[in-house]
Amino acid sequence: GLDQIQLLSPTKEDLPTCPKTSPFIGGPLKVSFPLDVTLDDIAQKNPLVQLGGHYQPPNCGALHHTAIIIPYWARRKHLHQLLYHLHPFLQRQQIHCTIYAVHQMDNYTFNRGKLLNVGFKEDMKENNWQCLYFHDVDLIPKDDCNIYDCSAFPMHASVAIDKFQYELPYETYFGGVMALQPTHYLKINGFPNNYWGWGGEDDDIASRIFLNKMLISQPPAVFGRYHMMKHGHDRGNKANPKRFHLLSKTHLRWRYNRMNNLLYSLLSKEQTPLYTNLTMHFGIDY
Ligand code: BGN
């Protein structure tokens, strides 16, 4: 309601609300990768982005309030390329948003589920976000009509990735970019914390959604196109041999393995010009 909007943007109460469809969005995007683009270059090209990677349209009250959460680990180049593409894309959509990079800093195994949980928890402390985009660092949206808002059900945005010939690799695939309202997230008890290494945590999240009798919505495949940036094998993110076993237990564990028993220490929260950087330490893996 109105109260909420005023709370979210206290200085914008006099502005008219933004139109339902932004006049700035176009169609398919040509995605190119300029070499050696620096964070300073990106900041200069996006003068309206505020400290922490925060944006709200200057001339109208945004209809959507979206946090973008990027789990990230030793992929600095990809993060810069993603910011280069994502900031102008989000501004064209006239949404109110902040980009958060959630960074795991320890020598243990990557844990995407846990990073996403921390991202949720820390972001909701900052703002009453109504929509959360959990966004892999290596995926660049290829169509302006892929609007970063939420729908009545959890949404899988990256339904057409070039690496998978613009199709789902399998029917229940839920990896890459997904969008949940806070109520969806709370209903499924957050994401699993116990998948260390590559694979399975996205399938677990999809199971949690189905176990809670929700459906997964998708944008039309022509809008849900993404380019996946190439990368080699990540050290510390080996395929997790336990993932098959873990997945067979989701229906028993989803109530207990969740956001509430989330052990982590937040080492720093840094507002950089283009994103808020959350750095965590998870301690030992188990
Ligand atoms: C699947 C992985 C997903 C990954 C996709 C696409 C598993 C669980 C074993 C049943 N799932 O195979 O996590 O996103 O491939 O790469 O490994």
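Our structure is the block above this text.
Residues numbered from 1 in each chain as written. Predicted model: local features only at pLDDT ≥ 70, side-chain atom pairs only at ≥ 80, totals over all residues. Heavy atoms only, no water.

J.: Sorry if this is basic, but what is going on with the overall build of the protein here?
T.: When its secondary structure is counted, the protein shows eight helices and 11 strands. Whereas a compact globule of 286 residues would reach a radius of gyration of roughly 19 Å, the protein reaches 18 Å, a difference of no more than 12%. Here the protein holds 286 residues, and 54% of them are scored as buried. Sequence separation of 24 or more characterises 82% of the internal contacts of the protein that already satisfy a separation of 6 or more. Surface summary for the protein: the accessible area is close to 13,700 Å², and the carbon and sulfur share equals 56%. Averaged over its 28 positive side-chain charges, the protein has a centre that lies 7 Å from the centre of its 25 negative ones. (Helix = DSSP H or I, 4+ residues; strand = E, 2+ residues; numbered from the N terminus. Rg over C-alpha atoms; globule rule 2.2 N^0.38 Å. Buried < 20%, exposed > 50% of the residue type's maximum accessible area, 1.4 Å probe, protein only. Contact = heavy atoms within 4.5 Å. Areas by Shrake-Rupley, 256 points an atom, 1.4 Å probe, with all protein chains shown as cover. Lys, Arg positive; Asp, Glu negative; His and termini not counted. Charge placed at Lys NZ, Arg CZ, Asp CG, Glu CD.)

J.: Just checking my understanding: could you explain the site of the ligand for this structure?
T.: Around the ligand, the surrounding shell consists of F164, Y170, Y173, W198, G199, G200, D202, D203, R243, F244 and L247. G200 has a polar backbone atom sitting 2.8 Å from an oxygen atom of the ligand. The side chain of R243 places a nitrogen or oxygen atom 2.5 Å from an oxygen atom of the ligand. It is helix α7 (residues 243-248) that provides the largest number of residues to the shell around the ligand, a total of three residues. Residues that form the shell around the ligand fall into these classes: six nonpolar, two polar and three charged. (Near = heavy atom within 4 Å. Polar contact = N/O pair within 3.5 Å; in protein donor to acceptor, adjacent residues only side chain to side chain. Nonpolar A, V, L, I, M, F, W, Y, C, P; charged D, E, K, R; others polar.)

J.: Honestly, the pairing of strand β9 (residues 225-228) in this entry has me stumped. Any pointers?
T.: In the case of a regular strand, side chains alternate between the two sheet surfaces. Relative to β9, strand β5 (residues 139-141) runs antiparallel, the two being bridged by three bridges. When the bridges of β9 are listed, L139 appears paired with M228. Here strand β7 (residues 160-161) runs beside β9; their pairing, made up of two bridges, is parallel. Following the sheet pairing, I161 is matched in β9 by Y226. (Pairing = 2+ DSSP bridges.)

J.: I keep staring at the pattern of salt bridges and nothing clicks. Help me out?
T.: Opposite charge on two side chains lets them pair, provided their charged atoms get close. Inspection of the entire model under this criterion finds seven salt bridges. Here D136 ties to R112 by a salt bridge, and the two come within 3.0 Å at their closest N and O atoms. Taken together, the positions of D136 in the loop between β4 (131-135) and β5 and R112 in helix α4 (residues 112-126) put the pair 24 residues apart, joining distant regions of the chain. R112 shares its class with D136; the two are buried. K269 is the partner of E126 in a salt bridge, and the nearest nitrogen-oxygen pair spans 2.9 Å. (Salt bridge = Lys/Arg side-chain N within 4 Å of Asp/Glu carboxyl O.)

J.: Whenever I open this one, α4 confuses me. Can you help?
T.: Since the α-helix packs 3.6 residues into each turn, any two residues three or four apart lie on the same face. Relative to the 21 Å expected for 15 residues at 1.5 Å per residue, α4 spans 21 Å between its end C-alpha atoms, a close match to the ideal helical length. Taking burial as the measure, the 15 residues of α4 include 11 buried ones, the bulk of the element. When we look at burial in α4, the residues that qualify are R112, G113, K114, L115, L116, N117, V118, G119, F120, E122 and D123. (Expected span 1.5 Å × (residues − 1).)

J.: Before we go on, may I ask you to explain the environment of H64 in this structure?
T.: For H64, the location among the structural elements is in the loop between β1 (54-55) and β2 (65-72). Separated by 29 residues in sequence, H64 and Q93 place their C-alpha atoms 9.4 Å apart. Only 3.5 Å separates the side chain of H64 from the side chain of D149, close enough to count as a polar contact.

J.: It is not clear to me how the nonpolar core should be interpreted in this structure. Could you clarify?
T.: Side chains of a nonpolar character, in soluble globular proteins, are inclined to be buried together. L90, Y133 and Y148 are the most contacted members of the largest nonpolar core, which has 36 residues in total. Among the elements of the structure, β2, α3 (76-92), β3 (96-104), β4, β5, β8 (177-180) and β9 are those that each provide at least two residues to this core. Among the elements that make up this core, the one with the highest residue count is α3 (seven residues). F110, L116, L278 and M280 belong to the second-largest nonpolar core, a separate cluster that totals 28 residues. (Core = buried A, V, L, I, M, F, W, Y, C linked by side-chain atoms within 4.5 Å.)

J.: What is the right way to look at the state of the cysteines in this model?
T.: Should the sulfur atoms of two cysteines be covalently bonded, the bond is a disulfide. For the structure on display, the rule yields two disulfides. In this model C131 forms its disulfide with C150; the gap between the sulfur atoms is 2.2 Å. On the sign convention where negative is left-handed, the bridge of C131 and C150, at about 80 degrees about the S-S bond, is right-handed. Here C131, found in strand β4, pairs with C150, found in the loop between β5 and β6 (155-156); they are 19 residues apart in sequence, far enough to count as distant. For the pair C131 and C150, one class covers both residues: buried. Each disulfide in the protein links cysteines that, numbered along the sequence, combine into the pattern 1-2, 3-4. Of the cysteine sulfurs around C97, a residue in no disulfide, the closest is that of C131, at 11 Å. (Disulfide = S-S within 2.5 Å.)

J.: I tried to follow α3 on my own but got confused; where do I start?
T.: The end-to-end C-alpha distance of α3, which contains 17 residues, comes to 25 Å, matching closely the 24 Å that a straight helix rising 1.5 Å per residue would cover. Of all 17 residues that make up α3, 13 are buried, and the element is covered over most of its length.

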